[in-house]
Amino acid sequence: MLKKLGKSITIVNAIAFVIVILVGGVSIFLTKKILHNTYKVEKLSKDILTVGSIHSNAYRLILSLHHFLIEEDRLYSRESILLISELKKKVEDYQSDEIKELSGEKNTELALLDEVLKDVKGLQGINDIMVEYSITGNFNKSTLIELEQYAYGIEANTNRINNIHLDRIKSWIDESLTNMWLILFIYLVFIFIGGLSIYAG
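Below is a summary of the structure that appears in this document.

Reading the values: rules and limits
- Residues numbered from 1 in each chain as written.
- Predicted model: local features only at pLDDT ≥ 70, side-chain atom pairs only at ≥ 80, totals over all residues.
- Heavy atoms only, no water.
- Helix = DSSP H or I, 4+ residues; strand = E, 2+ residues; numbered from the N terminus.
- Contact = heavy atoms within 4.5 Å.
- Core = buried A, V, L, I, M, F, W, Y, C linked by side-chain atoms within 4.5 Å.
- Buried < 20%, exposed > 50% of the residue type's maximum accessible area, 1.4 Å probe, protein only.

## Things to note about the side chain of Ser27
In this structure, Ser27 sits in helix α1 (residues 2–70). Not counting residues up to four positions away in its chain, the partners in contact with Ser27 are Ile183 and Tyr187.

So this is what it looks like as structure tokens:
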């Protein structure tokens, strides 16, 4: 009788041990996924700030041009040259990082970055309009409108890029929340089964 009872206790202990290992293993796996998603959200949040600064720089460039046309000042001219250089470098660096991250895989974000880079190169025409205005006191209005269109293009495409980022962040947050609820459910079931076992035992 005692031998049979001892065998039953051993089987129960073995089952309990396996359940504990399974619950622990699943919890660790889900927690690791949540942590990984947190790092991805952190990285993408930095990308959103970078893309936002590209948009801001483009508008600062156009604003600098308008200030120059209102009140001709070499300060605005120098600022424009620096902004164009900074803007171009920022887009190229960001694009390069994205290509490395995606291992050269073509996607919507990279296509939009190509468009942003084209518009940034188009904005380099600001230098020409400033030189023309400095020499003649006049500027070509259609050229000014064209330059503004490049800035609007950058605004539209940076907004599209950040919408892609926000969609990814939302999907990772949703996945993490689901995993957290799953961990909670597993532990509640585990506690319930453990409680019944103690009560029955």
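So, next bit.
## Regarding the nonpolar core
Core analysis: the biggest nonpolar cluster contains 26 residues, and Leu123 and Ile126 have the highest contact counts within it. Setting aside residues no more than four positions away along its own chain, Leu123 makes contact with Ala58, Leu61, Ile62, Ile84, Leu87, Leu147, Tyr150, Ala151 and Ile154. Leu30, Ile34, Ile183 and Ile186 belong to the second largest nonpolar core, which has 5 residues in total.

## Digging into the side chain of Ser176
Considering the arrangement of structural elements, one finds Ser176 in helix α5 (residues 141–200). Beyond its immediate sequence surroundings of up to four residues, Ser176 is in contact with Ile34 and Asn37.

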